[in-house]
Amino acid sequence: MKEEGISTDNSRTEDQQKQLQLQKSGKIPRHIAVIMDGNGRWARNRGSVRIMGHKAGVDSVRDITEACAEIGVKHLTLYAFSTENWGRPKGEISALMKLLVQSLRSETRKLDENDIRLSTIGELDRLPPTCRQELEYAKELTSGNQRMELCLALSYSGRWDLNQAMNSIAQKVKNGDLGPEDITQDAISRHLATSRMPDPDLIVRTSGELRLSNFLLWQAAYSELYVTDTFWPDFRRDELYKAIDSFQQRERRFGKIPVTPELEESTI
Ligand code: IPE
Ligand code: IPE
Ligand code: MG
């Protein structure tokens, strides 16, 4: 027993050192968004049913959430269920919704203790009432927390988000509260479901697929992308550190060119 305790302490210290190293070596992304993919394939590779992959994925959510809060990420958005995922078999959808309710019931207190605020983006009206109730309870309980925001994208898609933003802008134009000249990029951003958050600095996708699958389409304009072949249930904090390390090696130019003393002097 004692030995086990010592090894846990050691791995905790090792983990803290890795976090410290990343904090020293560069910027920690303010907002990380994750496309949590590959649960089904993870399960199939083990000869198991898809829902077992989703269940194992909850452990990754817990670990990544804790690690992000510890290292100083301020917003973590997790793509948990897309608009298109409503097209999956009814059995899988209801198992996912049950898992969401169970996870909220078991994890909300811990989120609160860790000073993490839960939020959501997406068409929540489509979720079963028990899911909505648990989400409302968790959001309300954690609403004053400051350390990090954990945002769950549920029944979400980028096109849905743009569509609902356009609807509400159109309504305001109709009411005379906005003129066509007021529809600027900032105004569009303010009408998106993500209006309270900065755009993601880093978007991570697990399971190797090289696509956005309708995630944060507007907000991803200048996000750095990181794709790993690791399936979501195997994506734990050490993989997150690799993604942050990769982010820190990038040069974010936002369409400009790096400014050097020679360039500043040149007239071109
Ligand atoms: C991601 O895993 C979870 C959800 C989309 C809900 P998948 O269920 O898409 O797993 P794969 O991609 O089929 O392996
Ligand atoms: C993206 O994964 C959606 C979520 C992770 C919630 P999908 O498995 O639904 O995406 P595709 O079908 O591979 O594009
Ligand atoms: Mg998938």
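Residues numbered from 1 in each chain as written. Chains lettered and ligands numbered in written order. Predicted model: local features only at pLDDT ≥ 70, side-chain atom pairs only at ≥ 80, totals over all residues. Heavy atoms only, no water.

Peer 1: Just to check I follow, could you spell out the UniProt feature "binding site: Mg(2+)" (unreviewed entry) in the chain for this structure?
Peer 2: When the UniProt feature table is mapped onto this chain numbering, "binding site: Mg(2+)" (unreviewed entry) sits at D37 and E224. With respect to the helices and strands, D37 occurs in the loop between β1 (31-35) and α2 (39-45). On the accessibility criterion, D37 (17% relative accessible area) is buried. Other than its neighbours up to four places away in sequence, D37 contacts R205, T206, S207, E209, F231 and W232. One polar contact links D37 to R205, side chain to side chain, over a distance of 2.8 Å. Among the structural elements, E224 can be located in strand β6 (residues 224-227). Look at E224 and you get buried, because its relative accessible area is 15%. Apart from residues no more than four positions distant in its own chain, E224 is found in contact with D201, L202, I203, F247, R250 and R252. (UniProt positions renumbered as here; feature names shortened; annotations may be inferred. Helix = DSSP H or I, 4+ residues; strand = E, 2+ residues; numbered from the N terminus. Buried < 20%, exposed > 50% of the residue type's maximum accessible area, 1.4 Å probe, protein only. Contact = heavy atoms within 4.5 Å. Polar contact = N/O pair within 3.5 Å; in protein donor to acceptor, adjacent residues only side chain to side chain.)

Peer 1: How do you make sense of the packing of aromatic side chains when you look at a structure like this?
Peer 2: Describing an aromatic ring pair means giving the distance of the ring centres and the angle of the ring planes. On inspection of all chains with the given rule, the structure shows seven aromatic pairs. Centroid distance F81 to W86: 4.8 Å. Interplanar angle 75°. Geometry classified as edge-to-face. Judged by centre distance (5.5 Å) and plane angle (20°), the ring pair of W232 and F235 falls under stacked. Judged by its relative accessible area of 1%, W232 falls in the buried class. Residue classification places F235 among the buried positions, given a relative accessible area of 1%. The rings of Y79, Y156, W160 and F215 are connected pair by pair, giving a single aromatic cluster. (Phe/Tyr/Trp six-rings, centres within 6.5 Å; stacked < 30°, edge-to-face > 60°.)

Peer 1: Is there a simple way to explain the sheet that holds β6 in this structure?
Peer 2: Within a sheet, adjacent strands bond to each other through the backbone by hydrogen bonds, running parallel or antiparallel. The six strands are arranged β3-β4-β2-β1-β5-β6 in an open sheet whose pairing can be described as parallel. Since the sheet does not close on itself, it has two edges, and those belong to β3 (116-121) and β6, each with one partner. Going from strand to strand, the sheet's axes swing by 20° on average, the running direction of each strand aside. Against the sheet, helix α3 (residues 50-71) makes contact with β1, β2 (75-82), β3 and β4 (148-156), and its axis sits at roughly 160° relative to β2, the strand it touches most. Against the sheet, helix α8 (residues 237-249) contacts β1, β5 (202-205) and β6, and its axis sits at roughly 140° relative to β6. (Pairing = 2+ DSSP bridges. Axes fitted to C-alpha atoms, helices over the stretch in contact; angles between N-to-C directions.)

Peer 1: What is the right way to read the environment of Q133 from this model?
Peer 2: One can find Q133 in helix α5 (residues 129-141). Owing to a relative accessible area of 52%, Q133 belongs among the exposed residues under this scheme.

Peer 1: So what exactly am I meant to see when it comes to unusual backbone geometry here?
Peer 2: Among all residues save glycine, negative phi is the norm, and among peptide bonds the norm is trans. Of note in this structure, S155 is not a glycine but carries a positive phi near 55°. Notably, S207 is not glycine yet its phi reads approximately 80°, a positive angle. Relative to the assigned elements, S207 resides in the loop between β5 and β6.

Peer 1: Sorry, what's going on with α3 here?
Peer 2: One turn of an α-helix holds 3.6 residues; hence residues three or four places apart share an orientation. Given a rise of 1.5 Å per residue, 22 residues ought to cover 32 Å, and the 32 Å separating the end C-alpha atoms of α3 matches this to within 8%. Of the residues trailing α3, G72 is marked for its positive phi of about 110°. (Expected span 1.5 Å × (residues − 1).)

Peer 1: Which parts of the structure should I look at to understand helix α6 (residues 158-175)?
Peer 2: With 18 residues, α6 should cover 26 Å at 1.5 Å per step; its first-to-last C-alpha distance of 26 Å lies within 8% of that length. Inspection of α6 places G158, W160, D161, L162, A165 and I169 among the buried residues, and these make up the whole buried set. In this structure, the buried residues of α6 make contact with β4 and α7 (185-191). Of the residues trailing α6, G176 is marked for its positive phi of about 85°.

Peer 1: Just checking my understanding: could you explain the site of ligand 2 for this structure?
Peer 2: The full set of residues close to ligand 2 is I35, M36, D37, Y79, A80, F81, S82, N85, R88, R205, R211 and S213. A distance of 3.2 Å separates an oxygen atom of ligand 2 from a polar atom in the side chain of D37. Take S213: an N or O atom from its side chain is 2.6 Å from an oxygen atom of ligand 2. For ligand 2, whose unbound accessible area comes to 390 Å², protein coverage reaches 78%. Sorting elements by how many residues they give to the shell around ligand 2 places β2 first, with four residues. Across the shell around ligand 2, the residue classes break down as five nonpolar, three polar and four charged. (Near = heavy atom within 4 Å. Areas by Shrake-Rupley, 256 points an atom, 1.4 Å probe, with all protein chains shown as cover. Nonpolar A, V, L, I, M, F, W, Y, C, P; charged D, E, K, R; others polar.)

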